[in-house]
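If you want the building blocks of each chain, they are given just below.
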Amino acid sequence: MSQHFSKLFSPYQLGAISLSNRIVMAPMTRSRATGNIPNELMAEYYAARATAGLIITEGTSPSPNGLGYARIPGIFSEAQVAGWKKVTDAVHARGGHIFVQMMHTGRISHPLNLPEGAEVVGASHIAAANTEMYTDQAGLVALPTPKELAPEQIPAVIAEFVHAATSAMAAGFDGVELHGANGYLLEQFLNPASNQRSDAYGGSFDNRNRFVLEVAAAVAAAIGKEKTAIRLSPFGVAGEMIQDDATEEQYTALAKGLEEIGIVYVHVVDHAALGAPAVPQSVKDAIRNNYRGTIIISGGYDAEKAEADLEAGRGELVAFGRPFISNPDLVERFKTGAALETPDHTTFYTPGEKGYTDYKILEKV
């Protein structure tokens, strides 16, 4: 029973919305958005998981240039807004809350996955040379070298994020999470492996933080700081990111900047459970001590560990990823102690309902 998970199942006030529990469905790419437009199948998928205190959607591009993976959705066109409105309506009808994760893939992209006229861009003219990308047309392919964003282009990219954020509000989302993790465009500016610029956006870590803080400030100004959030993965290695002796100091400064903007939460990812280097506790503490808002902790959690870390004050909310794929009723399973179903890894990114909306819920087992 759930009596020993009293913290996990307690309500929480996140900005202007009241969450029924501290359980967050983590953002996970599922590649079901044919034509990059959300659809009824996706509405069914998210609605089935609406008992989570908060849902964060799969990575969703703010720009045609950010649609680096096959069949991922965008949030910049009227058709995409209309598609997402089906999703938010379905989630809200079941009493849930949902943020959209805005993910610009930057250099982690291939032209075969992009719409006509779009291009692969990045912080610098540096490819992720050891990474391959799946395309529906040619299978796995090597990543190209991105076009470095010129200084005069950066305001337009920030404007794309702002347009996407206001589009998200039109689509009925409760807020937006900027994807500043996992080696995508925002982290490409943060990280020295992918940012070797010599202008105001490169060099020192304060300069490398600049783009992320400008995007966060612009989005917060457009839709409200209480609806603006960010995901970070310090010490992550996805997308060929690296750490150096200044990483902790950099993320301390970044946390201070985000505190000044006043965004509603910082989602800190530790992928050690998936084989990545662990994020040192000192880095997590530095973010915690310099950003005073809500912290979402994430990475390999089960209910017991989540409860313990909430009680220890390491965060206010806990994100669960893969368990939500195969257990749409994960919240109820945690409450009752029911066994969790194992997800089918072969259908994580395949089109259609198999491995997406066909997992059973307790009442139907």
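Everything numeric here is computed off the predicted structure, so don't read it as measured data.

A.B. asks: Tell me about the environment of Pro73, and name the residues and values.
C.D. replies: Here Pro73 is to be found in the loop between β4 (54-60) and α2 (78-93). Non-local contacts of Pro73, meaning those with residues more than four positions away in its chain, are made with Ala33, Asn36, Pro38, Met42, Glu58, Gly59, Thr60, Ser61, Leu67 and Trp84.

A.B. asks: Before we move on, could you go through the side chain of Arg333 and cite the residues and values that matter?
C.D. replies: Note that Arg333 resides in helix α10 (residues 330-336). Here Ala339 takes part through its backbone oxygen, which lies 2.6 Å from a polar atom of the side chain of Arg333.

A.B. asks: How would you sum up the packing of helix α5 (residues 205-223) against helix α6 (residues 247-261)? Please name residues and give values.
C.D. replies: Two elements in contact, α5 and α6, have axes whose closest approach is 10 Å; the angle formed by their N-to-C orientations is 25 degrees. Our classification of the angle between α5 and α6 gives roughly parallel. For α5 against α6, the interelement crossing comes out right-handed. Packed against α5, whose contacting residues are Phe205, Asp206, Arg208, Asn209, Val212, Leu213, Ala216, Ala217 and Ala220, the element α6 presents Glu249, Gln250, Ala253, Leu254, Gly257, Leu258 and Ile261 at the interface.

A.B. asks: Which residues make up the packing of aromatic side chains, and what values go with them?
C.D. replies: Enumeration according to the criterion identifies 11 aromatic pairs in this entry. The interplanar angle of 15 degrees and the centroid separation of 4.1 Å between the aromatic rings of Tyr45 and Tyr356 together place this pair among those described as stacked. Separated by 311 residues along the polypeptide, Tyr45 in helix α1 (residues 40-47) and Tyr356 in the segment after α10 bring together distant segments of the chain. What makes Tyr45 buried here is its relative accessible area of 1%.

A.B. asks: I'd love a proper account of the sheet that holds strand β14 (residues 317-320), names of residues and values included.
C.D. replies: Here we have eight strands rolled up into a closed barrel, ordered β3-β4-β5-β10-β11-β12-β13-β14, and parallel in their pairing. When the angles between neighbouring strand axes are averaged without regard to direction, this sheet yields 25 degrees. Where strand β13 (residues 294-298) lies against β14, three bridges are found, and the strand directions are parallel. Note that in β14 the partner of Ile296 across the bridge is Leu317.

A.B. asks: Which residues make up the environment of Ala319, and what values go with them?
C.D. replies: Among the structural elements, Ala319 can be located in strand β14. The class of Ala319 is buried, set by a relative accessible area of 3%. With 13 residues separating them along the chain, Ala319 and Ala306 place their C-alpha atoms 8.8 Å apart. For Ala319, the contacting residues outside a window of four places in its chain are Val24, Ala26, His267, Ile296, Ile297, Ser298 and Gly299.

A.B. asks: Any chance you could break down helix α7 (residues 281-290) for me, citing the residues and the numbers?
C.D. replies: Taken together, the buried positions of α7 are occupied by Val283, Ala286 and Ile287. Viewed along the axis of α7, the buried residues span an arc of 95 degrees, placing them on a single side of the element. On its buried face, α7 is in contact with α6, β12 (265-269) and β13.

What counts and how
- Residues numbered from 1 in each chain as written.
- Predicted model: local features only at pLDDT ≥ 70, side-chain atom pairs only at ≥ 80, totals over all residues.
- Heavy atoms only, no water.
- Helix = DSSP H or I, 4+ residues; strand = E, 2+ residues; numbered from the N terminus.
- Contact = heavy atoms within 4.5 Å.
- Polar contact = N/O pair within 3.5 Å; in protein donor to acceptor, adjacent residues only side chain to side chain.
- Axes fitted to C-alpha atoms, helices over the stretch in contact; angles between N-to-C directions.
- Parallel < 35°, antiparallel > 145°, perpendicular 65-115°, else oblique.
- Left-handed = near helix turned anticlockwise from the far one by under 90°.
- Phe/Tyr/Trp six-rings, centres within 6.5 Å; stacked < 30°, edge-to-face > 60°.
- Buried < 20%, exposed > 50% of the residue type's maximum accessible area, 1.4 Å probe, protein only.
- Pairing = 2+ DSSP bridges.
- Arc of directions from axis to C-beta.

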